[in-house]
Every structure is written in structure tokens, then in C-alpha cells.
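# Remarks on the overall topology
Read off the chains here:
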Amino acid sequence: MIALVAVLAGAAMLAWPAGLNHYPLVFIDTVSYLLHTTAPEVPWDKTQAYGPFLHAFHWERSLWGPLIAQGVIGSHLVWLAQRAVRGRAGLGWHLVVCAGLAGLTSAPWFLATLMPDAFTALVPLALFLLAFGGLSRREAWWVGGLATLFTAAHLSHLPTVAAVLAVVVVLAWRVGPVLRALAPAVLAVLLLCLANLAAFDRFTPSPHGAAFLLARLQADGPAAAVIRDRCPEAGWHLCAFADRLPIDSDEFLWDPGSPLNTEADGTPRPMGAMRGAREAQAIIAETLATHPAEVAHAALRNAMAQLLKTAVGDTLVDDHLALSARRAIAGYFPPEELAAFDAGAQMRGTLPALAEPFLLPHLPVLAGAALLAPWLLWRRRGSPAAALLAIALVALLANAAATGALSKPHHRYQARIAWLLPLAVGLALLPRPRLLPAGRDQRG
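In this report, we go over the structure that sits alongside the text. (Residues numbered from 1 in each chain as written. Predicted model: local features only at pLDDT ≥ 70, side-chain atom pairs only at ≥ 80, totals over all residues. Heavy atoms only, no water.)

### Description of unusual backbone geometry
Basically, it comes down to this: Going along the chain from the N terminus, every DSSP run of H or I of four or more residues is numbered as a helix, and every run of E of two or more is numbered as a strand. With a 1.4 Å probe rolled over the protein chains alone, any residue whose accessible area is under 20% of its type maximum counts as buried; one over 50% counts as exposed, and the rest are partly exposed.
Of the consecutive residues Ala39 and Pro40, the connecting peptide bond is found in the cis state with omega at -20°. Along the polypeptide, Pro40 turns up in the loop between α3 (30-38) and α4 (50-58). Note the cis peptide between Leu245 and Pro246, where omega equals 5°. Note that Pro246 resides in the loop between α13 (222-230) and α14 (249-254). Here Trp173, not a glycine, exhibits a phi torsion of approximately 55°, which is positive. Secondary-structure assignment places Trp173 in the loop between α10 (157-172) and α11 (175-200). Using a relative accessible area of 72% as the deciding quantity, one classes Trp173 as exposed.

Here it is in C-alpha cells:
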């Protein structure tokens, strides 16, 4: 009962920005996940995991259900992490930790947003629990299932998972912890491949991901050079636009007048990025073969830029929401749900100003955690606390490399996972409980 009270109270803290907004937060991409199961319309540029998760809790009635689920899941994993680090979880310390996360980090701003970004920091946290958390069999099945969902929810989670698994191998040196952490990753990749086989007749985790990497490589220059050097002999669609490259990667992917989305005669090319994925694979392969040093240098530069971009603000605005999330809610949810969405601070454009004072502690707290982490790693070496710290540090670096080097540096990409480090540091700083008399339960 204590655990239930703690988790529910922590969930309310970890989702509090939805109260400030008077509605769950959304992003322009939320529409794809809503339409996936309501229209239904399989998203070509996203995985097929998060949409069904949303539907399991909204059933075309209200988006508060998924919001509550995300808060409860986040709070429960924090509870289990406290127990793993301290040896026992306590109600008071759980509330302190959740209050700290809610007031001092980006955690609540992403757990309150209906996007796979809510799960980005929970991926390494779940893998830590599977490897080092001392879970019961029932808890291991629960956390393993969540880890599978988290991994499959966004393709950018896969490199982070790979990096965390490498840390688990180094720290555990035993087969059991490695297999427990590995199993959800393998299952997630298999499910992604099967889903794409059914939807796009391609057994791969990412049937169209090459378009995104090409956008990055041409924006950095190497792929644009390859296109100029190989055209017109290569016969690529992009040969007609060689003189326009490089351009910004987001413009390359999404602008209606970009080379991907325009035919050589200037007419529109619908779903240009999806249709150009196979050509993108060929251009990427040649770019990596002929310009490896330039690609590596650009990737490192972008990863470093991403590591330093950790602000929440770009997830709070109302940009394009009228044509994206609002369209899905208007088409498939009751009128009162649409009215609630329209009345929210985000849709009215006032949320950034309301949120601004609450965002001020994020960077100082993150910087302080980064300074304390190496000392705590040494001080708590060999303990679950040190394992969580190591996993958090590597996860932040891997996320920056994956999103910055393979996509484009955006503030939300790093802010969504940044709160994992203050959590790890905070748990490592908590006092460890006194040993209980023999026979007393250590699980709390």
C-alpha cells in the first residue's frame, strides 16, 4: 500500500505541467501517433509502437489517460531505482526525489508530453533495473515489457540502447544481467521488423530512415559533393537539384519545395522522403566510402552541438498544432475533448511564458550533476549507484551522438534524456538505510 501511494503521488508530481497547461502537452508529431490507430494511418517516418500505447489508454475518449499512464510508469521506475540504489525504497525519499525531478529538471515536461520523448530517459533506467535492480520475477517481466516498448517507441533509442548494453557488459561480467538487459532490445528490434514487413513489405527496423541520414550528410556537405561529382551519370532524382545543395536538413526533408519533394519539372513530388529512401541508401554508401573523414568530423561536431542543447522551450509552443494534433482530436475525439484542447495554454500560445520561470533551474542543476557524477562514480564504485551513474553518462553521450550526428541538433532531443543524470546523482547522494533485523523485508 505504501508503494502504491508513493507511486501515485510521484506520478502527479512528474506530470504536473499538464495541470499548468490544463491539458496534456502535445507536439507537431503527436498527430502521427494519434492517426496511426484512429484513421488508421501507418506513419512512414516513425515506428509503430507509441501509437498503440496511446490508444490503449485513450480509446478515442480523452488524452488524459495516456498522460496518467506515463506519469505512473515514470514514478514506478524511479521507485524501483531508489530501492536498487539504497537497498530499500521509502515513501518520504520517493516524494523528495520526485519533487526534485519535478521542480529542478526537464523530467515532468516530457512525461507530460504525448510523444515517445517521454520514454527516452526511461530506456536506460529500465535496462539498469533489469541488469542491476534486484527485481522479482514479476517485476522483471513488467520492466522488461516496458523496456521493449521504450526501445521500439523511437528509432533514436536504438543507439542509446546499444551503448547502455555495452556498459552492462563491462560492469556486470556475468551472463544473467546482460541477457536480462539484452532481451527487450532484441524483442523490440524483431517487433519493429515484423511491423515494417506487414506495413511496407520490408523486414527492417527502419525502412525509410536513410532519407533522414541523407538530409544530415548533404547539409554537412559530403553527400552534396558526391551528388555533384556523380551526376548526371548516376541517374539519381537529386541530380536535377545538385546546384541547390547543400541546404538545411529540415528544409530538405519537409519543405514542399525541397529537392526531395519536387520533381525535376517543378511539380510536387508527394511523400518525397519516403519515395527517395532507396536512392538515399546508395548516396549514403558512396558518401561514407569516399568522404569518411569529412563525415566523421561533421558527426563529432554535431554530436558536441547536440550535447550542449538541452532547453525544453521548443516543445511548448503552438507551432503547427492547428494542422496537426488539433486535426486528429477534432476528427476522432468527442467535442468536449477538442474544447479542452483549445482551452489549454499551449494551444492559446501562452504556455512558454507560463513555463519560463520553472525552466530556470534546469541547466544549473544539470551542470551540478555533471560535476558531481565523476566523484560519486569513484566514491560508490562497485555499487548499483555507480552502475546507474555510468549508464546515465553514457546514455547522454549516446543520445547526443545519435540525434546530433544522424539527424540535426535540436534542444528537445537532449533535454528529453538530460534529467536521467540528476536522478542518478540524487539517488547516489541519498543516505543508505540502516540494516533491518533478520527477517524484515528489504523491498519497502
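Following the structure, the description resumes.
### Here's the deal with the packing of helix α1 (residues 2-14) against helix α5 (residues 64-86)
Heads up, the rule is: Axis geometry follows a simple rule: fit a line to the C-alpha atoms, using only the stretch in contact for helices, then measure angles between N-to-C directions, giving values from 0 to 180 degrees. To sort the angles, those under 35 degrees are grouped as roughly parallel, those over 145 as roughly antiparallel, those from 65 to 115 as roughly perpendicular, and the leftovers as oblique. Here is the rule for handedness: rotate from the far helix to the near one, and if that takes an anticlockwise turn smaller than a right angle the crossing is left-handed, while a clockwise turn gives right-handed. Throughout, a contact is declared for two residues whenever any of their heavy atoms are within 4.5 Å.
It is the contact of α1 with α5, at a shortest axis distance of 8 Å, that shows an interaxial angle of 125°. The angle between the axes of α1 and α5 places the two elements in the oblique class. α1 and α5 meet at a crossing whose hand is right-handed. Together, Ile2, Ala3, Ala6, Val7, Leu8, Gly10, Ala11 and Leu14 of α1 and Gly71, Val72, Gly74, Ser75, His76 and Trp79 of α5 make up the contact between the two elements.

### Observations regarding the nonpolar core
Defined as follows: In this description, a nonpolar core means a group of buried Ala, Val, Leu, Ile, Met, Phe, Trp, Tyr and Cys residues linked to one another through side-chain atoms lying within 4.5 Å.
Leu77, Phe128 and Phe150 are the most contacted members of the largest nonpolar core, which has 99 residues in total. The contact partners of Phe128, leaving out residues within four places of it in the chain, are Ala84, Val85, Gly133, Pro384, Ala387, Leu388 and Ile391.

### A look at the pattern of salt bridges
This is how the line gets drawn: Salt bridges, as used here, are contacts in which a Lys or Arg side-chain nitrogen is within 4 Å of a carboxyl oxygen on Asp or Glu.
As enumerated under the stated definition, the model contains 13 salt bridges in all. Linking Asp45 and Lys46 is a salt bridge whose minimum nitrogen-to-oxygen distance equals 2.8 Å. The two residues Asp45 and Lys46 agree in class, both being buried. Asp117 serves as the salt-bridge partner of Arg412, at 2.5 Å between the closest nitrogen and oxygen. In this pair, Arg412 is assigned in helix α23 (residues 411-418) and Asp117 in the loop between α7 (107-111) and α8 (122-132), connecting sequence segments 295 residues apart. Here Asp117 falls in the buried class, since its relative accessible area comes to 3%.

### Considerations on α13
By the burial criterion, the buried members of α13 are Pro222, Ala223, Ala224, Ala225, Val226 and Ile227. Summarising the contacts, the buried residues of α13 are in contact with α12 (210-220), α16 (277-290) and α17 (292-307).

### What to know about the layout of surface pockets
Applied cut-off: Method remark: on a 1 Å grid restricted to protein atoms, a set of points is classed as a cavity if a 1.4 Å probe fits but cannot get out and as a pocket if it is open with protein on both sides within 12 Å along at least five of seven lines; lining residues have an atom within 4 Å of a point. Grid points are joined across faces, edges and corners, and a volume is the space filled by probe spheres set on the points. The nonpolar class holds Ala, Val, Leu, Ile, Met, Phe, Trp, Tyr, Cys and Pro. Asp, Glu, Lys and Arg form the charged class, and all remaining residues, Gly among them, are polar.
The volume enclosed by the second largest pocket comes to roughly 270 Å³. Considering the residues around the second largest pocket, the lining is formed by 17 residues, among which Gly100, Leu101, Leu104, Pro422 and Gly426 are closest to the centre. When residues of the lining of the second largest pocket are traced back to their parent elements, those giving at least two are α6 (91-104), α21 (362-379) and α24 (420-429). Its residues assigned to classes, the lining of the second largest pocket shows 14 nonpolar, three polar and no charged.

### Overview of the packing of aromatic side chains
Test applied: Two aromatic rings from Phe, Tyr or Trp, using only the six-membered ring of Trp, form a pair when their centres are within 6.5 Å; if the ring planes differ by under 30 degrees the pair is stacked, by over 60 it is edge-to-face, and anything between is tilted. Two conditions define a charge sitting above a ring: the NZ of Lys or the CZ of Arg must be within 6 Å of the ring centre, and it must be within 35 degrees of the ring normal.
This structure, assessed with the given rule, holds 14 aromatic pairs. Here Trp16 and Trp109 contribute two aromatic rings whose centre-to-centre distance is 5.2 Å and whose plane-to-plane angle is 70°, an arrangement assigned as edge-to-face. Highlighted residues: Trp16 in the loop between α1 and α2 (17-21) and Trp109 in helix α7, separated in sequence by 93 residues. Their ring planes at 50° and their centres at 6.2 Å tell us that Trp44 and Trp254 sit as a pair that is tilted. Residue Trp44 is found in the loop between α3 and α4, and its partner Trp254 is found in helix α14; the two are separated by 210 residues along the sequence. On the basis of relative accessibility, which here comes to 14%, the residue Trp44 falls in the buried class. By way of ring pairs, the aromatic residues Tyr33, Tyr50, Phe53, Phe57, Phe119 and Phe150 are connected into one cluster. One residue, Arg381, lies across the ring of Trp378, its end atom 3.9 Å from the ring centre.

### With respect to empty space enclosed by the protein
Scanning all chains against the criterion turns up two cavities of 30 Å³ or more. Empty space within the largest cavity amounts to approximately 90 Å³. Every element with two or more residues in the lining of the largest cavity is listed here: α21 and α23. Sort the elements by how many residues they give to the lining of the largest cavity and α21 lands first, with four residues. For the lining of the largest cavity, a count of residues per class yields eight nonpolar, four polar and no charged. Volume-wise, the second largest cavity comes out at about 30 Å³. In terms of lining residues, the second largest cavity is bounded by Leu214, His237, Leu238, Leu260, Arg269, Gly276 and Glu279. The class makeup of the residues in the lining of the second largest cavity is three nonpolar, two polar and two charged.

### Side note on the packing of α12 against α13
Relative orientation of the contacting elements α12 and α13 amounts to 85°, with a least axis distance of 4 Å. Taken together, the axis directions place α12 and α13 in an arrangement best described as roughly perpendicular. Across the interface between the two elements, Leu214, Leu217, Gln218 and Asp220 from α12 touch Pro222, Ala223 and Ala224 from α13. A breakdown of the residues in the contact of α12 with α13 according to their chemical character gives five nonpolar, one polar and one charged.

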